[in-house]
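# Examination of the molecular architecture
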Amino acid sequence: IDAAFKLAKTPCGKPTLICCKTVIGWGSPHKAGTHEAHGAPLGAKEAALSRAQLGWTGGPFEVGEDVLHAWDARARGAAAQKIWEDTFAAYAGEFPTEAAEFRRRIVGRLPDTFAAQADAWIAAAEKSDAVVASRKSSQQAIAALAPMLPELFGGSADLTGSNYTDWKGCIEVSKTGGGNYLHYGVREFGMAAMLNGITLHGGFVAFGGTFLVFSDYMRNALRLAALMRIRSIFVLTHDSIGVGEDGPTHQPVEHVASLRLIPNLDVWRPADTLESCVAWRFAVERADGASCLVFSRQNLQQHAGIEGRGFQAARGGYVLAEADGAPQIVLIATGSEVGITMDARKLLAEKNIAARVVSMPCVDVFQRQDQEYRDTVLPKGVRRVAVEAGVSDGWYQFVGLDGAVVGMDRFGESAPAGELFKLFGFTAEAVATAAERLLKK
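To keep things clear, this report deals only with the structure shown in the data block. (Residues numbered from 1 in each chain as written. Predicted model: local features only at pLDDT ≥ 70, side-chain atom pairs only at ≥ 80, totals over all residues. Heavy atoms only, no water.)

Regarding its fold elements, the chain presents 21 helices and 11 strands. Against the compact-globule benchmark of 22 Å for 441 residues, the chain has a radius of gyration of 28 Å, which places it well outside the compact range. Principal-axis analysis of the C-alpha atoms places the extent of the chain at approximately 90 × 70 × 40 Å. Buried positions account for 49% of the 441 residues belonging to the chain. For the chain, restricting intrachain contacts to residue pairs at least 6 apart in sequence, the fraction spanning at least 24 positions comes to 71%. One way to put it: in the chain the 45 positive side-chain charges average out to a point 4 Å from where the 49 negative ones average out. (Helix = DSSP H or I, 4+ residues; strand = E, 2+ residues; numbered from the N terminus. Rg over C-alpha atoms; globule rule 2.2 N^0.38 Å. Buried < 20%, exposed > 50% of the residue type's maximum accessible area, 1.4 Å probe, protein only. Contact = heavy atoms within 4.5 Å. Lys, Arg positive; Asp, Glu negative; His and termini not counted. Charge placed at Lys NZ, Arg CZ, Asp CG, Glu CD.)

Pasting the structure below:
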């Protein structure tokens, strides 16, 4: 490019790369008639002049023998490969246990003990009733996973103290030595791209965190993770208008819905500690695709004491609370809105309206379940209301045109989370009213 810029002159006297903006994306004005129309392709005449100036005699798309030889690394590669294989074979002979562990990690296979340990961990999480934000539940999940997965590698884009992505015993990567936690700095896209690279290299289960609203900056790398079907894990906190005083610029409204549109990307929005643990386990065990784990800033209700709920939550959507008798209406919710919806169920029961509550932490996983299961969760012929503090369009696939969505189809405001939820109608009373209105139609 440097040589062409200096040497390749067009009839109008301008360097080719400046004159023809379609070549590199910009141009400069010149007199009409002295050259092809501004922004036109390079053209045969200019290409010939450029080739002459550069002394390039090869045909189009022809690779010269000198170039081919300079770029042929097959012999060097084969020699380097043999050195590596011989070295590793010697290492494996002396340290068979460590060599086997290396092989396991590099192919991305989880430890043989992982499933049993994870089962016990999820069973314990079913009993958790501590009222905490799901970002804190996520941190607790990471701390539980770290001893089970020595290959766990975390980090955050300058938001560790807000994302809660570190854990006790993690070692920060620094100039002085290795570690398993990286401070990426204020570069969300760079972090996502590096996560993909780490995952593609093998040997690590890698995750990185930022605010959900900043997933906009990560989009191309995030989409590539889904496209390549690799186990990159994106931790996205501050999931709704519950961000509060940070205002509408930091309040994600359309982000969860837009991420759900990306094929082969699982988007989890847990309602409490148990669902947060399930989301983490699912993301770690999913070897053929990327995951977004979306967590709240504000504290959430816990739904403890329901035995076997971990297995149900792993199906993406399940019946959290059954109606008293045949359900007259089904209330579907995710994340922080599950607690509100459970309270709405109680208000409806006071009016002799039997409501079933369905928690749907992961729409993508629920959609992969067989039709029979989905019909048991969302029975046909029963009206439905979906509740989520985000744009409403995507929920009509579940509620139908005769259903209702309590959603957020505008940008937020700056105020404490509780005031914002009341202002925008995310209250038990508003959900109950929506259900009653629907039943009267």
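From this point, things continue past the structure.
The next subject is the pattern of salt bridges. Tallying each qualifying case throughout the model produces 23 salt bridges. For D272, the salt bridge identified is with R309, shortest N-O distance 2.6 Å. In this pair, D272 is assigned in the loop between strand 5 (265–268) and helix 14 (273–285) and R309 in helix 15 (residues 309–313), connecting sequence segments 37 residues apart. Here D272 and R309 have matching classes, each one buried. (Salt bridge = Lys/Arg side-chain N within 4 Å of Asp/Glu carboxyl O.)

Here we come to the packing of aromatic side chains. Under the criterion given, the structure shown has 16 aromatic pairs. A ring pair is formed by Y91 and F95, whose centres lie 5.2 Å apart and whose planes are at 40 degrees; its orientation type is tilted. Where W268 meets F282, the ring centres are 5.2 Å apart and the plane angle is 50 degrees; that geometry is what we call tilted. Separated by 14 residues along the polypeptide, W268 in strand 5 and F282 in helix 14 bring together distant segments of the chain. The class for F282 is partly exposed, based on a relative accessible area of 23%. An aromatic cluster of three or more residues is present, and its members are W84, F88, Y91, F95 and F102. Note that K136 overlies the ring of Y164, its terminal NZ or CZ placed 5.3 Å from the centroid. The ring centre of Y373 lies 3.7 Å from the NZ or CZ of R315, which sits over that ring. (Phe/Tyr/Trp six-rings, centres within 6.5 Å; stacked < 30°, edge-to-face > 60°. Lys NZ or Arg CZ within 6 Å of the ring centre and 35° of its normal.)

Here helix 4 (residues 43–54) spans 17 Å end to end across 12 residues, near enough to the 16 Å set by a 1.5 Å rise per residue. Following helix 4 by one or two positions, G55 adopts a phi angle in the positive range, close to 70 degrees. (Expected span 1.5 Å × (residues − 1).)

A few words now on the packing of helix 9 (residues 134–148) against helix 14. One can describe the packing of helix 9 onto helix 14 by two numbers: an axis separation of 9 Å at closest approach and a directional angle of 50 degrees. When the axes of helix 9 and helix 14 are compared, the pair comes out oblique. Relative to helix 14, helix 9 is oriented so that their crossing is right-handed. The residues of helix 14 that touch helix 9, namely those facing S134, S137, S138, Q140, A141, I142 and L145, are T273, S276, C277, W280 and V284. (Axes fitted to C-alpha atoms, helices over the stretch in contact; angles between N-to-C directions. Parallel < 35°, antiparallel > 145°, perpendicular 65-115°, else oblique. Left-handed = near helix turned anticlockwise from the far one by under 90°.)

Quick look at the nonpolar core now. Judged by nonpolar contacts, the single largest core of 81 residues is most densely connected at W280, L331, I332 and F426. Filtering out sequence-adjacent residues up to four positions away, F426 remains in contact with I241, E337, I340, V387, E388, A389, V406, G407, M408 and F421. Counting 24 residues, the second largest nonpolar core, distinct from the first, contains A192, A206, M218 and L259. (Core = buried A, V, L, I, M, F, W, Y, C linked by side-chain atoms within 4.5 Å.)

Moving on to the sheet that holds strand 7 (residues 318–321). Read across the sheet, five strands follow the order 7-9-8-10-11 without closing on themselves; strand pairing throughout is mixed. Edge strands, defined here as strands with exactly one partner in the open sheet, are strand 7 and strand 11 (404–406). Across the sheet, the axes of successive neighbouring strands diverge by a mean angle of 30 degrees, strand direction being ignored. Summarising the sheet, strand 8 (residues 329–333) and strand 9 (residues 355–359) pair through five bridges and their orientation is parallel. Following the sheet pairing, L331 is matched in strand 9 by V357. (Pairing = 2+ DSSP bridges.)

Spatially, the six strands line up as an open sheet ordered 2-1-3-4-6-5, and their pairing is parallel. Each edge of the open sheet is held by one strand with a lone partner, namely strand 2 (181–183) and strand 5. For this sheet the average axis-to-axis angle between neighbouring strands, irrespective of direction, equals 20 degrees. Note: strand 5 against strand 6 (residues 290–295), four bridges, orientation parallel. Within strand 6, the residue paired with W268 across the bridge is L293. Contacting strand 3 (205–211), strand 4 (233–237), strand 5 and strand 6, helix 12 (residues 215–228) crosses the sheet at an angle of about 155 degrees to strand 4.

As a further point, take the environment of A389. As for its placement among the helices and strands, A389 is situated in the loop between strand 10 (383–387) and helix 19 (396–399). C-alpha separation for the pair A389 and F424, spaced 35 residues apart in sequence, amounts to 8.8 Å. If we ignore the near neighbours within four places in the chain, the residues touching A389 are S240, P252, R269, E337, M408 and F426.

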